[in-house]
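An overview of the molecular structure
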Amino acid sequence: AFGSATRFLHRDGAALYAASCAGCHMPDGRGAQGAGAYPALAGNERLDPAGYLVTVIVQGRHGMPPFGGLMDDAQVAAVATYVRTNLGNAHR
């Protein structure tokens, strides 16, 4: 999944989701409860404004680590687009 110790190799949004998001938010995007609370991405209306998700991916939020240093702009856009248009979401 990593091209180096500090960068993701994948370019495809689905592959990036599987490598960087699915471990906490689950493969189906339904989130999880356990040692921490991982919010659902599936059917999540908070993801409607595209800039919100991009900011969260790049800067992190609460317990989520920032991925801005691990992905270039195209990768961030690819995974954000994947999340916003899959997993039960139809944000444009």
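Here goes a summary of the coordinates provided.

Reading the values: the criteria
- Residues numbered from 1 in each chain as written.
- Predicted model: local features only at pLDDT ≥ 70, side-chain atom pairs only at ≥ 80, totals over all residues.
- Heavy atoms only, no water.
- Axes fitted to C-alpha atoms, helices over the stretch in contact; angles between N-to-C directions.
- Helix = DSSP H or I, 4+ residues; strand = E, 2+ residues; numbered from the N terminus.
- Parallel < 35°, antiparallel > 145°, perpendicular 65-115°, else oblique.
- Contact = heavy atoms within 4.5 Å.
- Nonpolar A, V, L, I, M, F, W, Y, C, P; charged D, E, K, R; others polar.
- Core = buried A, V, L, I, M, F, W, Y, C linked by side-chain atoms within 4.5 Å.
- Buried < 20%, exposed > 50% of the residue type's maximum accessible area, 1.4 Å probe, protein only.
- Arc of directions from axis to C-beta.
- Polar contact = N/O pair within 3.5 Å; in protein donor to acceptor, adjacent residues only side chain to side chain.

1. Some remarks on the packing of helix α1 (residues 13-20) against helix α4 (residues 73-85)
At their nearest, the axes of α1 and α4 sit 8 Å apart, and the two run at 90 degrees to each other. As far as their axial angle goes, α4 and α1 are roughly perpendicular. For the pair α1 and α4, the contacting residues are Gly13, Ala14, Leu16 and Tyr17 in the first and Gln75, Ala78, Val79, Tyr82 and Val83 in the second. Looking at side-chain class alone, the contact of α1 with α4 contains seven nonpolar, two polar and no charged residues.

2. Let's talk about the nonpolar core
Counting residues in hydrophobic clusters, the biggest one holds 18 residues, and the most contacted among them are Tyr17, Ile57, Met71, Val79 and Val83. Going through the elements one at a time, α1, α3 (50-59) and α4 are the ones with two or more residues in this core. Here tyrosine 17 is in contact with Ala22, His25, Met26, Pro27, Gly29, Leu41, Val79, Tyr82, Val83 and Leu87, once residues within four sequence places are set aside.

3. Quick word on α1
Gly13, Leu16, Tyr17 and Ser20 are the residues of α1 that are buried. Buried residues of α1, seen end-on, are gathered within an arc of 100 degrees and therefore sit on one face of the element. On its buried side, α1 packs onto α2 (22-25) and α4. One side-chain oxygen of the residue at the start of α1 lies 3.1 Å from the amide nitrogen of alanine 14, identifying that residue as aspartate 12.

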